[in-house]
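Observations on the three-dimensional arrangement
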Amino acid sequence: MNTDTANIQPDVDLAKELFDKLREATFDGVGITRDTFGEGEQKAHDIVTAAAKGLGLEIETDFAGNLYLRLPGADRKAKQLLLGSHLDSVPQGGNYDGAAGVLAGLAVVAGLKRAGVTPARDITVIVVRGEESAWFPYSYIGSRCALGLIPPEVVDEVKRSDSGVSLGEQMRKGGWDPDAVKAGRKHVTPENTAGYIEVHIEQGPVLLSEGLPVAVVTGVRGSSRRRSAKIAGEYSHSGAVPRKYRKDAAAAFAEFAYRVDRRWIEIDEAGGDLVVTFCTLGTNPKRHAFSIIPGEVSFSLDMRSTSRETLDEMDAFIAKLVPELEEKRGVTFDLGPYTDTPAPGMDDGLRKGLARAAESAGVKFREMASGGGHDAVAFNQAGIPAAMLFVRNEHGSHNPDEHMEIADFAEVCRVLMTYVRAEA
């Protein structure tokens, strides 16, 4: 920085005003709806664009509709630092998921701009399109477009969930260029970007339960998933079949779930990172009934960890457990198709810099993994250093009851400002 910035503060009042405007413009009667590449998302982009114009920032939009609000640095040839997130929401969602990251970046840039501070490099607030996969079943659409990571077939084959309109058609309706996406054009690259920092509300209860306003994210959990698993046993009369003759699919599932849960406890107690969820569970509604031994159970299993080794260990544990239970209970397991995702860590340099900034700003924090995916994953995949900060939030996310206190938001903005002053 070319000025003493010790007393420069982020413009949290501006952010608060914009949160209110976003809520007013996109409230659907129940929650917040800002549809990807649709009317709601565009209203949100228009609101932050107007604020950027008022601040005198440089404003740019790429071929996919991603928005860049730039405070020029002293060295225009230096790689820019990106601060931001997305503005789209799930249907009837909350007001803070995504928007907190955009407005935290804008609060920092506004604080620097109004203080007359010129950073060493360009500081750019990026507002990406289409992070939520509720509208188009594909993750990180906007950021992957900017980074040239969208496979060409996605543009035509991925359809909007409520209308069936393809992603390409929807983009063209908004005035964007899906042909550029198909061609793999890149707007953000490792050659023009030093790093990406994303503020996001925490989507779980950890910060709330521990009384902390902020977390530095260590990594995003990868996954090991079985979306359509089944156990086949034998239907029979519940009162007529002794235990040793039963092939009870429900009892087999119960033991399977218990044993998997016990292994999770062991890994947890040893300090490992793992979460395990049986997301769906059911017997066959066409055949189940009171007084019938269940002959079939269907379920899904979602395991996540920041450690690929831990997920591999759980996969091996299940592979050994299944034949044991098949022999013991006379059932057959069909775990169905297997899918997995990598477990990208956050950039070590950025992560440590954010931790130093929190300590310097006197903001209490902890380090923790992110259970959900975020645009930071796409930047990481493109070879751009990425990091994240969580801010305390009540009632989870993707629902109308998201509740982030502005006082906590101010704390995460102070951490971000301290980092930018010291490192950028």
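In this text, all values refer to a predicted model and were calculated from it rather than measured experimentally.

With that settled, consider the pairing of strand 1 (residues 58-61). Where strand 1 and strand 2 (residues 67-71) come together, 4 bridges link them in antiparallel fashion. Among the inter-strand pairings, I59 is bridged to a residue of strand 2, identified as L69. A loop of 5 residues connects strand 1 with strand 2, the two strands running antiparallel in sequence, and G65 in this loop sits at a positive phi of about 90 degrees.

Another point: helix 9 (residues 249-269). Spanning 21 residues, helix 9 covers 30 Å between terminal C-alpha atoms, matching the ideal 30 Å at 1.5 Å per step. Every buried residue of helix 9 is accounted for by A249, A252, F253, E255, F256, A257, V260 and I267. Those residues of helix 9 hidden inside the fold are in contact with strand 7 (222-232), strand 9 (275-277), strand 10 (281-283), strand 12 (296-305), helix 10 (308-329) and strand 13 (332-334). Looking at where helix 9 begins, the residue whose side-chain oxygen comes 2.9 Å from the main-chain nitrogen of A250 is D248. A positive phi of about 90 degrees marks G271, the residue just after helix 9.

Before going further, it helps to examine the confidence of the model for the protein. Looking at the protein, the pLDDT average stands at 96 and 99% of residues meet or exceed 70. Note on residues 1-5: pLDDT under 50 across the span, and 13 contacts to partners over four residues away in sequence or across chains.

With that settled, consider the nonpolar core. Membership of the largest hydrophobic core comes to 60 residues, with the highest contact counts inside it found for F19, L103, L106, F409 and V420. Excluding its chain neighbours within four sequence positions, the residues that come into contact with L106 are L18, A51, L55, L57, L69 and V125. Grouped together as the second largest cluster of nonpolar side chains are 25 residues, Y68, Y140, L212 and V377 included.

Okay, the side chain of D97 next. Tracing the chain through its elements places D97 in the loop between strand 3 (80-86) and helix 3 (99-114). With no salt bridge to any partner, buried D97 finds its closest opposite charge in R34, at an N-O distance of 7.8 Å. Each residue touching D97, except ones within four places of it in the same chain, is listed here: H86, D88, E132, H200, I201, Q203, S397, H398 and E402.

All right, on to the sheet that holds strand 6 (residues 214-220) then. By definition, the strands of a sheet pair up through backbone hydrogen bonds, in either a parallel or an antiparallel sense. Spatially, the 8 strands line up as an open sheet ordered 1-2-4-3-5-16-6-15, and their pairing is mixed. Of all the strands in the sheet, just strand 1 and strand 15 (365-370) have a single pairing partner and so form its edges. Geometrically, the sheet is characterised by an average inter-axis angle of 25 degrees between neighbouring strands, direction not taken into account. Where helix 2 (residues 39-55) meets the sheet, it contacts strand 1, strand 2 and strand 4 (123-128), and its direction lies at approximately 15 degrees from that of strand 2.

Cut-offs and rules
Residues numbered from 1 in each chain as written. Predicted model: local features only at pLDDT ≥ 70, side-chain atom pairs only at ≥ 80, totals over all residues. Heavy atoms only, no water. Pairing = 2+ DSSP bridges. Helix = DSSP H or I, 4+ residues; strand = E, 2+ residues; numbered from the N terminus. Expected span 1.5 Å × (residues − 1). Buried < 20%, exposed > 50% of the residue type's maximum accessible area, 1.4 Å probe, protein only. Contact = heavy atoms within 4.5 Å. Polar contact = N/O pair within 3.5 Å; in protein donor to acceptor, adjacent residues only side chain to side chain. pLDDT = per-residue confidence, 0-100. Core = buried A, V, L, I, M, F, W, Y, C linked by side-chain atoms within 4.5 Å. Lys, Arg positive; Asp, Glu negative; His and termini not counted. Salt bridge = Lys/Arg side-chain N within 4 Å of Asp/Glu carboxyl O. Axes fitted to C-alpha atoms, helices over the stretch in contact; angles between N-to-C directions.

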